[in-house]
Amino acid sequence: MKNQKLEYQNTDKKIIILGSVIATLIALSPFLFYLYESVPNKNIWSTFLFEYESKGYKDVNTVMWLLTGKLVPLILLVIWFFTCRHWWYHTLLVPIVMYTYQIIGLFNEDLSYIDELQFFYMLPVMAIIIPSIYLIKAKMFDKLNTANKTITELEEEFTVRPKTIWGKIRQYF
């Protein structure tokens, strides 16, 4: 009994710590968005960790402005995806994939226009996610019409909730 109580206390502490990290990250998102302002207006940015040269853009500041404009919404969408408890949370994968492609395209120096062809790369992802969401919705309404359950009870029934974040990640692979 004492061992079980200690296990619950450790789990509660982990949940509190994880929630605090997520809340801090969300609260810092405006700061993260304006982080590009600390980057110099030069073609080469040298720090003690790395050196980045802007080849396809005017300067490094422009590249970082584009990066923060895509990375901050991506971070917020990923947090939303892993904390969402609704049955439709898989639809968040579409904008997550879109922002990921845009970030990859940002650093691909061969592309002359950013955000140009990402839609075509997203079509396979959307072709899987959109019909699966429709099927889940159809199944819910079928059960709603044949049973005496509310929409909230059906959402609870269709929601997949792994116990850990690692378990939630593992369910996709």
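Check the entry above for the structure.
Everything in this summary refers to the structure shown in the same document. (Residues numbered from 1 in each chain as written. Predicted model: local features only at pLDDT ≥ 70, side-chain atom pairs only at ≥ 80, totals over all residues. Heavy atoms only, no water.)

**A word on the overall build of the protein chain**
Here is the rule we go by: Comment: elements are numbered from the N terminus, with helices defined as DSSP H or I runs of at least four residues and strands as E runs of at least two. The buried label applies to any residue whose accessible area, calculated with a 1.4 Å probe on protein chains only, is under 20% of its type's maximum; exposed applies above 50%, and partly exposed to all values in between. Residues count as neighbours in contact if any of their non-hydrogen atoms are within 4.5 Å of one another. Each accessible area value is a Shrake-Rupley result obtained with a 1.4 Å probe; residue values ignore everything except the protein chains displayed when judging cover.
Scanning the protein chain for helices and strands turns up seven helices and two strands. Its helices and strands taken in sequence order, the protein chain reads α-α-β-β-α-α-α-α-α from the N to the C terminus. For the protein chain, the proportion of its 173 residues judged to be buried stands at 25%. Across the protein chain, contacts joining residues at least 24 apart in sequence account for 53% of those joining residues at least 6 apart. In the form shown here, the protein chain has an accessible surface area of approximately 12600 Å², with 65% of it arising from carbon and sulfur atoms.

**Section: helix H3 (residues 60–83)**
An α-helix turns once every 3.6 residues. As a result, residues three or four positions apart point the same way. The criterion, for reference: Given a helix with a known number of residues, its expected span is that number minus one, times 1.5 Å. Residues adjacent in sequence count toward polar contacts only when both atoms are side-chain atoms; beyond that, a polar contact is any pair of N or O atoms within 3.5 Å, and within protein one must be able to donate a hydrogen and the other to accept it.
End to end, H3 covers 34 Å across 24 residues, agreeing with the expected 34 Å (1.5 Å per residue, within 8%). Capping of H3 at its N-terminal end is provided by Asp59; its side-chain oxygen lies 3.3 Å from the backbone amide nitrogen of Asn61.

**A word on the packing of aromatic side chains**
Formally: Paired rings are identified among Phe, Tyr and Trp, the last through its six-membered ring, by centres lying within 6.5 Å, and are further divided according to the angle between planes into stacked (under 30 degrees), edge-to-face (over 60) and tilted (the rest).
For the coordinates displayed, the defined rule picks out six aromatic pairs. Residues Tyr34 and Tyr36 carry aromatic rings whose centres are separated by 6.3 Å and whose planes lie at 35° to one another, so their mutual orientation is tilted. The interplanar angle of 80° and the centroid separation of 5.2 Å between the aromatic rings of Phe81 and Phe82 together place this pair among those described as edge-to-face. Phe81 sits in the buried class, given a relative accessible area of 3%. What links up through ring pairs into an aromatic cluster is the set Phe33, Tyr34 and Tyr36.

**Brief notes about the nonpolar core**
As a reminder of what qualifies: The criterion is simple. A nonpolar core is a set of buried Ala, Val, Leu, Ile, Met, Phe, Trp, Tyr and Cys residues joined through side-chain atoms within 4.5 Å.
Of all hydrophobic cores here, the largest spans 19 residues; its most connected members are Val60 and Met64. Contributions of two or more residues to this core are made by H3 and helix H4 (93–107). Here this core gets eight residues from one element, more than from any other, and that element is H3. The next biggest cluster of nonpolar side chains, apart from the first, holds seven residues, and it includes Trp87, Val97, Met122 and Ile129.

**Quick look at a nonpolar patch on the surface**
Short version of the rule: Patches were defined on residues exceeding 30% relative accessible area and lacking a salt bridge, with like-charge contacts within 9 Å and nonpolar side-chain contacts (Val, Leu, Ile, Met, Phe, Trp, Tyr) within 5 Å. By definition, a salt bridge exists where a carboxyl oxygen of Asp or Glu is found within 4 Å of a side-chain nitrogen of Lys or Arg.
Residues Leu28, Phe31 and Leu35 make up a contiguous nonpolar surface patch of about 290 Å² in total accessible area. By secondary structure assignment, the location of Phe31 is in helix H2 (residues 29–33). Overall, Phe31 belongs to the exposed group, its relative accessible area being 54%.

Remember that the coordinates give geometry; whether it matters functionally is a separate question.
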